[in-house]
Amino acid sequence: MGWFSRKSASVPEVKSELTDPTSDSWAAICDAFSISASGVSVTAASIMECPPAECAVAILRESTATVPCRLLHDDADDGERAAKGHPAFALVNGFSNEWMSAGEVRRRVTQDAILFGDGFALVTRTAGRPAEILYTPRSTVVPEYKPDGEPVYRIDGKVYGPRDVIHLQVPNPNDPLQQRGLGLLQTGRNAIGLGILLERSASQLFKNNSRPGGVLSFKGSLNATAAGRIAQMWRSAHGGDKAGGIAVIDNEGSYSPIAFSSVDSQAIEQRAFVVSEISRLTRVPATLLSDMSRATWSNSVQLDLQFVKYGLQPWLRAWCDAYARTLLSPEERTTMHFEFDLSQQLMADPAARANAFAQYRAAGVMTANDVRRELNLPPLPDGDVLASPHVQSPANDNQPPKDQAA
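Predicted, not measured: the structure shown is a model, and the values here were computed from it. (Residues numbered from 1 in each chain as written. Predicted model: local features only at pLDDT ≥ 70, side-chain atom pairs only at ≥ 80, totals over all residues. Heavy atoms only, no water.)

Moving on: the overall build of the protein. A tally of helices and strands in the protein yields 12 helices and 11 strands. In the protein, which comprises 406 residues, the share counted as buried stands at 36%. Taking contacts inside the protein between residues at least 6 apart in sequence as the whole, the part at least 24 apart equals 65%. For the protein, the accessible surface area stands at approximately 23,800 Å², while carbon and sulfur atoms represent 56% of it. (Helix = DSSP H or I, 4+ residues; strand = E, 2+ residues; numbered from the N terminus. Buried < 20%, exposed > 50% of the residue type's maximum accessible area, 1.4 Å probe, protein only. Contact = heavy atoms within 4.5 Å. Areas by Shrake-Rupley, 256 points an atom, 1.4 Å probe, with all protein chains shown as cover.)

Written as structure tokens, this is what we have:
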């Protein structure tokens, strides 16, 4: 039995470019097995050995999964209300299918898109209406493209159109038609490879009791057999757990340790550089990767807000567009839209945000319900009055008091 057995409207079959050795698909396969400049092979499994990269990917995927998503209907008076009657509302808020929540689907698809450049999910329909959103592993999807650039997707022997497949893709500047995305495993291969190499080097250094090797010398010449036997005897007597003991050397032998320290190779600076590189590649601030070397109380708050604006929001915007393309009809897109509620993420500096709302209210720019809508709170019956809450009596109309009017 294949991955998916549900029926969906098919589109004309297009010849796969996997049969063409000069195509971008073959280039993608070659990239998957290439190594970094440091000589370390960087894969989805080995990236777990680079804590900054794993942390950045986890922050992006978990943030995308945990931010609530809403389907809103645009009213004639420029207001918005939740479109709870539409089947897509439950698919993006509750469970996308019987065994996986909407957040879990977003978590998996986003992780695939971050690492590999492309992430997929299949939308199934009942009577023309969206019924399920199914996470689709990359290994089961073969994207193909028509001459005009329209994508089609071959999944388990069936061909689906762009309205049936949620496709998150990282733009690839080397591919004008964007036939394959450019993931972190390609763009960050050298930075991640360096981080993995530094982790392994540090582990080996401390495994050897933080003691570098040395030179064991004797007067005269030694043949290969004698030199190998002496080296083996030295390692057996003073290597591993026996390091730090007293060595006894005869036959006018001498031992000269090699002066080496992790400071000499700037290992600490290089590891800090890897954190900065991962931060640049993923738009996740270094403070969120536990690098507090330049953190202060004020800039940490601003960096959190920058992460929401430049790191998280592009992914959420991509999800809104993908949801609209696959879950709404062209007619519904004119009156409905998807929106992620970032009110909790924007509370990184609640005092400054509350002060800004108070100034907007005092200046007559926002009503009470406008503010409550930003905070994801229900409206008040009299909350649409555009007046300053600090004014308790009407303004002076320059009319004489009633007792003086006569």
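Text resumes after the structure shown.
Before going further, it helps to examine the pattern of salt bridges. Counting across every chain of the model gives 12 salt bridges. Across the salt bridge formed by Asp 164 and Arg 125, the nearest N and O atoms sit 3.4 Å from each other. Of this pair, Asp 164 sits in the loop between β7 (158-160) and β8 (165-169) while Arg 125 sits in strand β3 (residues 118-126), and the two are 39 residues apart along the sequence. One exposure class covers both Asp 164 and Arg 125, and it is buried. A salt bridge links Glu 277 to Arg 280, with the nearest nitrogen and oxygen atoms 2.5 Å apart. You can see Glu 277 and its partner Arg 280 sitting in helix α8 (residues 267-282), three residues apart, about one turn around the helix. Classification of Glu 277 as partly exposed rests on a relative accessible area of 25%. Here Arg 280 falls in the exposed class, since its relative accessible area comes to 52%. (Salt bridge = Lys/Arg side-chain N within 4 Å of Asp/Glu carboxyl O.)

Within the open sheet, the three strands sit side by side as β2-β1-β11. Their pairing is antiparallel. Each having just a single partner strand, β2 (80-82) and β11 (336-340) make up the two edges of the open sheet. Here the strands of the sheet are splayed against their neighbours by 40° on average, with no regard to which way each runs. Bridge count between strand β1 (residues 69-74) and β11: five bridges; the pairing is antiparallel. By the bridge assignment, Leu 71 is partnered in β11 with Phe 338. (Pairing = 2+ DSSP bridges. Axes fitted to C-alpha atoms, helices over the stretch in contact; angles between N-to-C directions.)

Ile 133, Ile 166, Ile 192, Tyr 323, Leu 327 and Phe 338 are the most contacted members of the largest nonpolar core, which totals 57 residues. Residues within four places of Tyr 323 in sequence aside, it is in contact with Cys 69, Val 92, Arg 106, Ile 133, Ile 166, Leu 328, Phe 338 and Phe 340. (Core = buried A, V, L, I, M, F, W, Y, C linked by side-chain atoms within 4.5 Å.)

Moving on: the sheet that holds strand β5 (residues 141-145). With antiparallel pairing, three strands are arranged side by side in an open sheet as β5-β6-β7. Looking at strand neighbours, the two that pair on one side only are β5 and β7, the edges of this open sheet. Strand-to-strand twist across the sheet, computed as the mean angle between neighbouring axes with direction ignored, equals 30°. Of the strand pairs in this sheet, strand β6 (residues 151-155) and β7 are connected by three bridges, and their pairing is antiparallel. Bridging from a neighbouring strand, Ile 155 pairs with Lys 158 of β7.

So, about unusual backbone geometry. The phi dihedral of Asp 156 is positive, around 55°, even though this residue is not glycine. The residue Asp 156 is located in the loop between β6 and β7 in this model. Phi at Arg 283 is positive, roughly 65°, even though this residue is not glycine. Positionally, Arg 283 belongs in the loop between α8 and α9 (297-327).

Now for the pairing of β5. Pairing between β5 and β6: five bridges, direction antiparallel. Each residue of the ladder has a partner; that of Pro 143, found in β6, is Tyr 153. The hairpin turn running from β5 into β6, its antiparallel successor, is five residues long, and Gly 149 in that turn takes a positive phi close to 95°.

With that settled, consider the confidence of the model for the protein. Overall, the predicted model of the protein reaches an average pLDDT of 75, with 70% of residues at or above 70. Predicted confidence in the protein is weakest over helix α1 (residues 24-32), with a mean pLDDT of 45, and strongest over helix α4 (residues 102-116), with 91. In the model, residues 4-33 has pLDDT below 50 throughout and makes 56 contacts with residues more than four positions away in sequence or in other chains. (pLDDT = per-residue confidence, 0-100.)

Moving on, we come to the packing of helix α2 (residues 51-66) against α4. The interhelical angle for the contact between α2 and α4, taken along N-to-C directions, is 145°, at an axis separation of 8 Å. Every pair of crossing elements has a handedness; the one defined by α2 and α4 is right-handed. In contact with Val 57, Leu 60, Arg 61, Glu 62, Thr 64 and Ala 65 of α2, α4 contributes Gly 103, Arg 106, Arg 107, Thr 110, Gln 111, Ile 114 and Leu 115. Of the residues contributing to the contact of α2 with α4, the split by class is five nonpolar, four polar and four charged. (Left-handed = near helix turned anticlockwise from the far one by under 90°. Nonpolar A, V, L, I, M, F, W, Y, C, P; charged D, E, K, R; others polar.)

On to α2. Taking 1.5 Å per residue as the helical rise, α2 with its 16 residues ought to reach 22 Å, and the 22 Å between its terminal C-alpha atoms agrees with that figure. All of the buried residues in α2 are Pro 52, Ala 53, Ala 56, Val 57, Ala 58, Ile 59, Leu 60, Arg 61, Ser 63, Thr 64 and Ala 65. (Expected span 1.5 Å × (residues − 1).)

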